[in-house]
Amino acid sequence: MRRIRVDDYLSVIDRLCVTAVDELARPSQIAKTLGISTGYVSTTLLRLAEDGLVIHQPHAGAKLTELGRVRLRRFVHRLRITELLLEALLNWDQESVAAEAHQLEPAISDSLLETFDSYLGFPRVDRHAQKIVRPDGALPTLSSPPI
């Protein structure tokens, strides 16, 4: 089992909030998605709230703060660039690329990531043809053909 990082929690919370009626991700939903206990999720939500990454309403759920959204955008950008690099260099299948990129991402320095981004020509779309959010949260314009 892979280690569950803060960024994994933020990603799951963000996804669950989109479909929630009250825009809160329930601890039970988070636990089910991550394959862990609800008690562990509740403890982690308290820590994420203390760090300013989520707004936590005990027994109701959580949603991302602006700081949490900024961190999530940065994580997704780093992950997508790492996936594209692995795919370009190694021609791996998508499942292998996703798993390895997730493991590599935290070890890649910001300067190395910038080098990867430059090497790839500052791609505007990922391997699923989805726009790659820039670290500052901006979506690239696609007025010219994507790279």
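Structure shown above.
The notes below deal with the structure included here.

So, how was this worked out
- Residues numbered from 1 in each chain as written.
- Predicted model: local features only at pLDDT ≥ 70, side-chain atom pairs only at ≥ 80, totals over all residues.
- Heavy atoms only, no water.
- Salt bridge = Lys/Arg side-chain N within 4 Å of Asp/Glu carboxyl O.
- Helix = DSSP H or I, 4+ residues; strand = E, 2+ residues; numbered from the N terminus.
- Buried < 20%, exposed > 50% of the residue type's maximum accessible area, 1.4 Å probe, protein only.
- Pairing = 2+ DSSP bridges.

## Observations concerning the pattern of salt bridges
In total, this model carries 10 salt bridges according to the counting rule given. One salt bridge in this structure joins Arg-71 and Asp-7, with 2.8 Å as the shortest N-O distance. Within this pair, whereas Arg-71 is found in helix α4 (residues 66–90), its partner Asp-7 is found in helix α1 (residues 6–19), the two being separated by 64 residues in sequence. Of the residues examined, Arg-71 reaches a relative accessible area of 36% and is grouped as partly exposed. The exposure class of Asp-7 is buried, given its relative accessible area of 8%. Salt bridges sharing partners connect three or more residues here, namely Arg-5, Arg-74, Arg-78, Glu-105 and Asp-110.

## Comments concerning the pairing of strand β1 (residues 54–57)
Residues of β1 alternate between two faces, with Val-54 and His-56 buried on one and Ile-55 and Gln-57 left unburied on the opposite face. Sheet topology places β1 next to strand β2 (residues 61–64); 4 bridges connect them, and they run antiparallel. Among the inter-strand pairings, Val-54 is bridged to a residue of β2, identified as Leu-64. With antiparallel pairing between neighbouring strands as the criterion, β1 and β2 make up a hairpin whose turn holds 3 residues, including His-59 at a positive phi of roughly 70 degrees.

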